[in-house]
Amino acid sequence: MGHAVEEVLKRPIITEKSCVQASESSKFTFEIPSWATKNHVKEAFAKYFPDHKILKVNISKIFGKSKRTAKGRTTPVDGKKTIVTVDGPHIEYFPEV
């Protein structure tokens, strides 16, 4: 319950699909911790980008895919990601978009 706002937005997820969404419909994708909720994301996004109005926040789980290695099987840790839809200018967080 005592989580800091700075811990919510871990890093942007920069893929071809997320960059196309950012340029066409102002949707930005971030990796978030497993305990974060939509309200946590809204507070953190508003703190880092105060000049943008948040229209919608979507959260989805990312499941780690099992991989074969020389020493056996490994499974990456599961996580969460969020897609934030904003109204306003582009975010400088994504310089290539």
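Residues numbered from 1 in each chain as written. Predicted model: local features only at pLDDT ≥ 70, side-chain atom pairs only at ≥ 80, totals over all residues. Heavy atoms only, no water.

A. Layout of helix 1 (residues 16-25). Turning to helix 1, its buried residues are S18, C19 and A22. Down the axis of helix 1, the sector holding all buried residues measures 100°, keeping them to one side. More than 90 degrees from the buried face of helix 1, the exposed residues found are E16, K17 and E24. Residues of helix 1 that are buried sit in contact with strand 2 (27-32). (Buried < 20%, exposed > 50% of the residue type's maximum accessible area, 1.4 Å probe, protein only. Helix = DSSP H or I, 4+ residues; strand = E, 2+ residues; numbered from the N terminus. Arc of directions from axis to C-beta. Contact = heavy atoms within 4.5 Å.)

B. Just unusual backbone geometry, in detail. One non-glycine residue with positive phi stands out, namely S26, at about 55°. Note on S26: relative accessible area 17%, which makes it buried.

C. Summary view of the pattern of salt bridges. Scanning the model with the defined rule gives two salt bridges in all. One salt bridge connects E31 with K10, and the closest N-O pair in it is separated by 4.0 Å. Residue E31 is found in strand 2, and its partner K10 is found in the segment before strand 1 (11-12); the two are separated by 21 residues along the sequence. Residue E31 pairs with R11 through a salt bridge whose shortest N-O separation is 2.6 Å. Residue E31 is found in strand 2, and its partner R11 is found in strand 1; the two are separated by 20 residues along the sequence. The class of R11 is partly exposed, set by a relative accessible area of 46%. (Salt bridge = Lys/Arg side-chain N within 4 Å of Asp/Glu carboxyl O.)

D. Just the environment of A22, in detail. As for its position among the elements, A22 is in helix 1. For the pair A22 and I83, spaced 61 residues apart in the sequence, the C-alpha separation amounts to 9.9 Å.

E. Summary view of helix 2 (residues 38-48). What helix 2 keeps buried is the set V41, A44 and F45. Viewed along the axis of helix 2, the buried residues span an arc of 100°, placing them on a single side of the element. Buried residues in helix 2 make contact with strand 2, strand 3 (53-62) and strand 6 (79-87).

F. How the structure looks around the sheet that holds strand 1. What the four strands build is an open sheet, ordered 1-2-6-3; its pairing is antiparallel. Each of the sheet's edge strands pairs with one partner strand only, and the pair in question is strand 1 and strand 3. Here nine bridges tie strand 3 to strand 6, and the two strands are oriented antiparallel to one another. Considered in strand 6, the bridge of K56 is made with T85. Contacts between helix 1 and the sheet are confined to strand 2 and strand 6, with strand 2 contributing the most and set at about 140° to the helix. (Pairing = 2+ DSSP bridges. Axes fitted to C-alpha atoms, helices over the stretch in contact; angles between N-to-C directions.)

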